[in-house]
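Architecture and fold: a report
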Amino acid sequence: MALARLHGGPLDGQIIPLDDADDKLIVPYSETQVVYNRSGEPQNTGDTDGPTEIDYWYDESLEDLNPSDD
């Protein structure tokens, strides 16, 4: 299993488990969904350096985010 490290947007700094490492990650947030795009190569891919991490950067939300959602 790999981990997604999220950068930017309302979920900045969050780490979530991944079943499949797709190029686009759509994550539920409040009453909408936010889209993160994969960037770079996986890190920690060896047998002894911990779980594989993949960076994802914020792209958009599928609906407007309200400041009170934070």
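Before going into details, it helps to say that this report is about the structure given with it. (Residues numbered from 1 in each chain as written. Predicted model: local features only at pLDDT ≥ 70, side-chain atom pairs only at ≥ 80, totals over all residues. Heavy atoms only, no water.)

Summing up its helical and strand segments, the protein chain has zero helices and five strands in all. Along the chain direction, N to C, the helices and strands of the protein chain fall in the order β-β-β-β-β. Dimensions of the protein chain, computed from the C-alpha atoms along their principal axes, are close to 40 × 20 × 20 Å. Within the protein chain, the fraction of its 70 residues that count as buried is 24%. Looking at the protein chain alone, contacts between residues at least 24 apart form 44% of all its contacts between residues at least 6 apart. Put simply, the protein chain shows about 4,700 Å² of open surface, and 41% of that area lies on carbon and sulfur atoms. (Helix = DSSP H or I, 4+ residues; strand = E, 2+ residues; numbered from the N terminus. Buried < 20%, exposed > 50% of the residue type's maximum accessible area, 1.4 Å probe, protein only. Contact = heavy atoms within 4.5 Å. Areas by Shrake-Rupley, 256 points an atom, 1.4 Å probe, with all protein chains shown as cover.)

What follows deals with the pairing of strand β5 (residues 52-61). When strand β1 (residues 2-7) meets β5, the two strands line up parallel, connected through six bridges. Note on β5: the bridge partner recorded for H7 is W57. Of the strand pairs in this sheet, strand β4 (residues 32-43) and β5 are connected by seven bridges, and their pairing is antiparallel. Considered in β5, the bridge of S39 is made with D55. (Pairing = 2+ DSSP bridges.)

Of all hydrophobic cores here, the largest spans 12 residues; its members are A2, A4, L6, L11, L18, L25, V27, Y29, V34, Y36, I54 and Y56. Sorting the residues of this core by element identifies β1, β3 (24-29), β4 and β5 as the ones contributing at least two each. Sequence-distant contacts of A2, defined by excluding residues within four places in its chain, comprise I16, P17, L18, T52 and I54. (Core = buried A, V, L, I, M, F, W, Y, C linked by side-chain atoms within 4.5 Å.)

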